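If you want the building blocks of each chain, they are given just below.
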Amino acid sequence: NAGVTQTPKFRVLKTGQSMTLLCAQDMNHEYMYWYRQDPGMGLRLIHYSVGEGTTAKGEVPDGYNVSRLKKQNFLLGLESAAPSQTSVYFCASSLDRGGYTDTQYFGPGTRLTVL
Amino acid sequence: RKEVEQDPGPFNVPEGATVAFNCTYSNSASQSFFWYRQDCRKEPKLLMSVYSSGNEDGRFTAQLNRASQYISLLIRDSKLSDSATYLCVVVHYGGSQGNLIFGKGTKLSVKP
């Protein structure tokens with residue numbers, strides 16, 4: 001099992017450009033999440049999905065869109081990148097929601113720089 | 001008050017030392033608690049869950065105090081490989097933010 005994978009691993013964008021980050025998991029997990037991690041800010045939830053075809057906003061959703069067309073994939077889109085979106089983006093998945101079984105498995109991260 | 005608060009450290013300790021981290025949470029309805037470990041430039045990984053009665057996994061002991069709303073992580077006989085950032089995670093149901101709230105992490109550096 002590959003677990004959770006993310007592509008790309010690194011990306012540099014210019015302000016105003018768009019891009020899509022891809023997250024894939026092969027553990028048949030229902031729940032998937034996108035976080036961003038900034039120095040001194042910790043992990044912040046951007047969007048999440050509780051199943052194929054569903055998405056919901058997290059703590060910091062502005063400037064991002066997501067889609068979950070297939071259970072194993074969760075896409076994060078930046079329509080018009082801004083320097084404030086320079087961050088490390090982590091995708092995660094979990095089998096369950098809540099309770100002691102709610103272990104989240106993280107991908108290796110995407111380092112995005114917006115100039 | 002922030003939802004989950006941790007001392008950012010860094011905690012610099014010699015090999016073999018015992019070190020303890022605390023984490024406080026503000027939502028009394030929180031129901032599950034975890035410690036995650038994050039190595040430099042890597043993704044977070046689950047270290048251990050925290051049970052009401054406290055639990056131990058080798059050199060690691062986690063405690064929960066619901067009355068005071070804090071959890072703790074004790075590491076005995078520190079190893080160089082324990083150097084990492086330890087994230088406190090609190091789970092509560094409902095709301096629009098998903099259900100896991102991460103602390104900002106406590107950095108541990110174990111020196112020879």
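Every value quoted in this text rests on a predicted model; they were computed, and no experiment measured them. Position numbers for residues start from 1 in each chain and track the written sequence from start to end. Each chain is given a letter, starting from A, and each ligand a number, starting from 1, according to the order in which they appear as written. It should be noted that, the model being predicted, local features are given only for residues of pLDDT at least 70 and side-chain atom pairs only at 80 or more, the latter also being counted only at that level, while totals for whole chains, interfaces and linings use all residues. By convention in this description, side-chain values take in all heavy atoms of the structure and omit both hydrogens and water.

1. Side note on the sheet that holds strand β1 (residues 4-6) of chain B
Residue and element names in this part refer to chain B.
Step number 1: When DSSP finds two or more bridges between two strands, those strands count as paired. To qualify as a helix, a DSSP run of H or I must reach at least 4 residues; to qualify as a strand, a run of E must reach at least 2; elements of each kind are numbered from the N terminus. Judged by pairing direction, the sheet is antiparallel, and its five strands sit side by side in the order β1-β3-β8-β7-β6 without closing on themselves. Edge positions in the sheet fall to β1 and β6 (55-57), since each of these pairs with one other strand and no more. Mean inter-strand twist for the sheet, computed between neighbouring axes without regard to direction, equals 20°.
Step number 2: Looking at chain direction, β6 and strand β7 (residues 60-65) are connected through three bridges and run antiparallel. Its bridge partner lying in β7, N55 is registered against A62. Interaxial angle, 0 to 180 degrees, is taken between N-to-C directions of lines fitted to C-alpha atoms, where a helix line uses only the stretch in contact.

2. Some thoughts on the pattern of salt bridges
Pairing is possible between side chains of opposite charge, provided their charged atoms come close.
All names here are of chain B.
Step number 1: Counted as salt bridges are all cases of a side-chain nitrogen of Lys or Arg within 4 Å of a carboxyl oxygen of Asp or Glu. Evaluated as defined, the whole model comprises seven salt bridges over all chains.
Step number 2: For D82, the salt bridge goes to R59, with nearest N and O atoms at 2.8 Å. Taken together, the residues span a long stretch of sequence, with D82 in the loop between β8 (70-75) and β9 (84-91) and R59 in the loop between β6 and β7 at a distance of 23 residues.
Step number 3: Accessibility here uses a 1.4 Å probe with only protein chains present; expressed as a share of the type maximum, an area under 20% marks a residue as buried, one over 50% as exposed, and anything in between as partly exposed. What makes D82 buried here is its relative accessible area of 2%.
Step number 4: With a shortest N-O distance of 2.9 Å, D77 and K79 are connected by a salt bridge.

3. Regarding the packing of aromatic side chains
A ring pair, where both rings are aromatic, is described by two values, the distance of the centres and the angle of the planes.
Residue and element names in this part refer to chain B.
Step number 1: Between the rings of Phe, Tyr and Trp (Trp by its six-membered ring), a pair exists once the centres lie within 6.5 Å; its type follows the angle of the planes, with under 30 degrees stacked, over 60 edge-to-face, and the other angles tilted. Across all of its chains, the model carries 13 aromatic pairs over all chains by this definition.
Step number 2: Taking 4.9 Å as the distance between ring centres and 45° as the angle between the ring planes, the aromatic pair formed by Y25 and F33 counts as tilted.
Step number 3: Judged by its relative accessible area of 2%, Y25 is buried.
Step number 4: For F33, a relative accessible area of 0% corresponds to the buried category.

4. Observations concerning the environment of R37 of chain B
Step number 1: Tracing the backbone through its elements, the reader meets R37 of chain B in strand β4 (residues 32-38).
Step number 2: Here, residues are in contact when the closest pair of their heavy atoms is within 4.5 Å. Contact partners of R37 of chain B, with chain neighbours within four places excluded, come to E43, P44, K45, L47, S81, D82, S83, A84, T85 and Y86 of chain B.

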